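Survey of secondary and tertiary structure
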Amino acid sequence: MAKVLIVDDSPAQVHTLKKLVEDWGHEALVAENGNQALEIAREQQPNVILMDIVMPGMSGFQTTRKLSKDQSTQSIPVIFVSTKSSDTDRVWGMRQGATAYVTKPVNPDQLLTAISDAVAA
């Protein structure tokens, strides 16, 4: 069982992702924004983070850069889960340090594979 931090400002998306994660037998933690994500990641040390990109305040890109610069969180894999689906967004997301990029609406099999690969790495 992995500890999965879900970072998304949409209650509907959080609900959907949390249900999927828990149905797969993982523990779900939730952050509504980048600042909460940084705090929870430091305190809880999740095995993987599912990160939205478009959020008020700090974007998912900015949050991921901060996570990668913090010694206590830099080894936690980040999977972007976003409505941004262009090739440019994918490339930029991977350059920010993400291990995978999944578009919304989420394909459950694709997300499960991304989580499994990130946890196994």
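Note that this is a predicted model, so its numbers are computed, not measured. (Residues numbered from 1 in each chain as written. Predicted model: local features only at pLDDT ≥ 70, side-chain atom pairs only at ≥ 80, totals over all residues. Heavy atoms only, no water.)

1. A closer look at the overall build of the protein
A count of helical and extended segments in the protein gives five helices and five strands. On C-alpha atoms alone, the protein measures out to a radius of gyration of 13 Å, which is about the 14 Å that the 2.2 N^0.38 rule sets for 121 residues. With the C-alpha coordinates of the protein rotated into their principal frame, the extents come out at 35 × 30 × 30 Å. In the protein, which comprises 121 residues, the share counted as buried stands at 47%. A fraction of 59% describes how many contacts in the protein between residues 6 or more apart in sequence connect residues 24 or more apart. (Helix = DSSP H or I, 4+ residues; strand = E, 2+ residues; numbered from the N terminus. Rg over C-alpha atoms; globule rule 2.2 N^0.38 Å. Buried < 20%, exposed > 50% of the residue type's maximum accessible area, 1.4 Å probe, protein only. Contact = heavy atoms within 4.5 Å.)

2. Details of helix α1 (residues 11–23)
Spanning 13 residues, α1 covers 18 Å between terminal C-alpha atoms, matching the ideal 18 Å at 1.5 Å per step. Within the sequence span of α1, burial applies to Val-14, Leu-17, Leu-20 and Val-21. Taken end-on, α1 shows its buried residues confined to a sector of 135 degrees, consistent with a single buried face. In α1, the exposed positions that point more than 90 degrees away from the buried face belong to Pro-11, Ala-12, His-15 and Asp-23. Phi turns positive one or two residues past the end of α1, at Gly-25, with a value near 90 degrees. (Expected span 1.5 Å × (residues − 1). Arc of directions from axis to C-beta.)

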